[in-house]
Amino acid sequence: IDVMGQGGILGIGQVFHLEELLGSDECIDSLVKDILTHYEDNRQQICTGKAMIVALTRKIGIKIYQKILEAMRDVDMFCSESFSLQVLADRIVERPRYVSQVINERYGGNFPSFVNEYRIREACRRIMDQEHYGQLSLAGIGESVGIKSRSQFSSIFKKVVGMTAAEYLREAKK
C-alpha cells in the first residue's frame, strides 16, 4: 500500500510504503486490528452521528459561549418567533451543532431551555414596565417575547420563575 504525503512529516510528493512507516507486517496487522476493534466498539455512536460532533476544547468552547452571550443581548433577536438555533449560529458565524454543543455543556440545558429562560426574563422585565407594556395582557407579553401559546407561556414561566405570570404580576404590584 502506498501513501502519498501531502506535506508535513511525509514531505510533498514523496511516496512511502506502510511497511516503511510502520515497520513489520505484524505492526500493520496490529494497527488494522485496533482500528477494526475501535470501529466495532463505537459503531453505534458512529452510526448515530454522535462521534461526528467535534470535541471542542475548553478554550474554543468558552469563546463560542462568549459569542453566544454577546448575541443574546439583542432582545429583538431572541424575542422573534422565527428565532432558532440556525439564526443564532448564523449571527455568531458558527456551525449550529457547535452552538448546540456549547450551550449543552456551558448552560447545562438544551437550546430551547436556554432561549426560554432569556424570553421569560424579558417577560418579567416587561411585566414590571407598566409604562411601556401595561396595556398588554399576560398572553400578549408572552407573544411579545416570542412564545405563541398562552399555555406554553404559562408553563415555561412557572418552570423558570417558580410562580405563574399572574402571581408574578400581583407581587410586582405590591
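The structure displayed is predicted, hence computed values, not measured ones. (Residues numbered from 1 in each chain as written. Predicted model: local features only at pLDDT ≥ 70, side-chain atom pairs only at ≥ 80, totals over all residues. Heavy atoms only, no water.)

Here's the deal with the packing of helix α3 (residues 58–71) against helix α5 (residues 85–92)
Quick reminder of the rule: Fitted lines through C-alpha atoms give the axes, limited to the stretch in contact for helices. The angle between two N-to-C directions lies from 0 to 180 degrees. Helix and strand definitions here come from DSSP, where helices need a minimum of 4 consecutive H or I residues and strands a minimum of 2 consecutive E residues; each element is numbered from the N-terminal end. Under this scheme an angle from 65 to 115 degrees is roughly perpendicular, one under 35 degrees roughly parallel, and one over 145 degrees roughly antiparallel; angles in between are oblique. Whether two residues are in contact is decided by their heavy atoms: any pair within 4.5 Å suffices. Gly is put with the polar residues, along with every residue not named as nonpolar or charged; the nonpolar set is Ala, Val, Leu, Ile, Met, Phe, Trp, Tyr, Cys and Pro, and the charged set is Asp, Glu, Lys and Arg.
Running from N to C, α3 and α5 cross one another at 105 degrees; their axes reach a closest spacing of 10 Å. Our classification of the angle between α3 and α5 gives roughly perpendicular. For the pair α3 and α5, contact is made by Ile-64, Lys-67, Ile-68 and Ala-71 and by Leu-88, Arg-91 and Ile-92, respectively. Taken together, the residues that form the contact of α3 with α5 break down as five nonpolar, no polar and two charged.

Let's talk about the confidence of the model for the protein chain
Should the pLDDT be low somewhere, the predicted coordinates at that spot are not to be read in detail. For clarity, the threshold we go by: A score from 0 to 100, pLDDT tells how confident the predictor is in each residue.
Chain-level statistics for the protein chain give a pLDDT mean of 80 and a share of 68% at 70 or above. A low-confidence stretch, residues 1–19 stays under pLDDT 50, and its non-local contacts, those more than four residues away or across chains, total 29 contacts. Counting interchain partners and residues more than four positions distant, the pLDDT-below-50 stretch residues 50–56 has 13 contacts.

Notes on the environment of Ile-68
So the rule is basically this: Residue burial is assigned from relative accessible area. The probe radius is 1.4 Å, only protein chains are included, and a residue is buried under 20% of its type maximum, exposed over 50%, and partly exposed in between.
Looking at the secondary structure, you find Ile-68 in helix α3. Residue Ile-68 is classed as buried on the basis of its relative accessible area of 0%. Separated by 24 residues in sequence, Ile-68 and Ile-92 place their C-alpha atoms 6.8 Å apart. Ignoring any residue separated from it by four or fewer positions in sequence, one finds Ile-68 in contact with Leu-88, Ile-92, Val-99, Val-102, Ile-103 and Phe-114.

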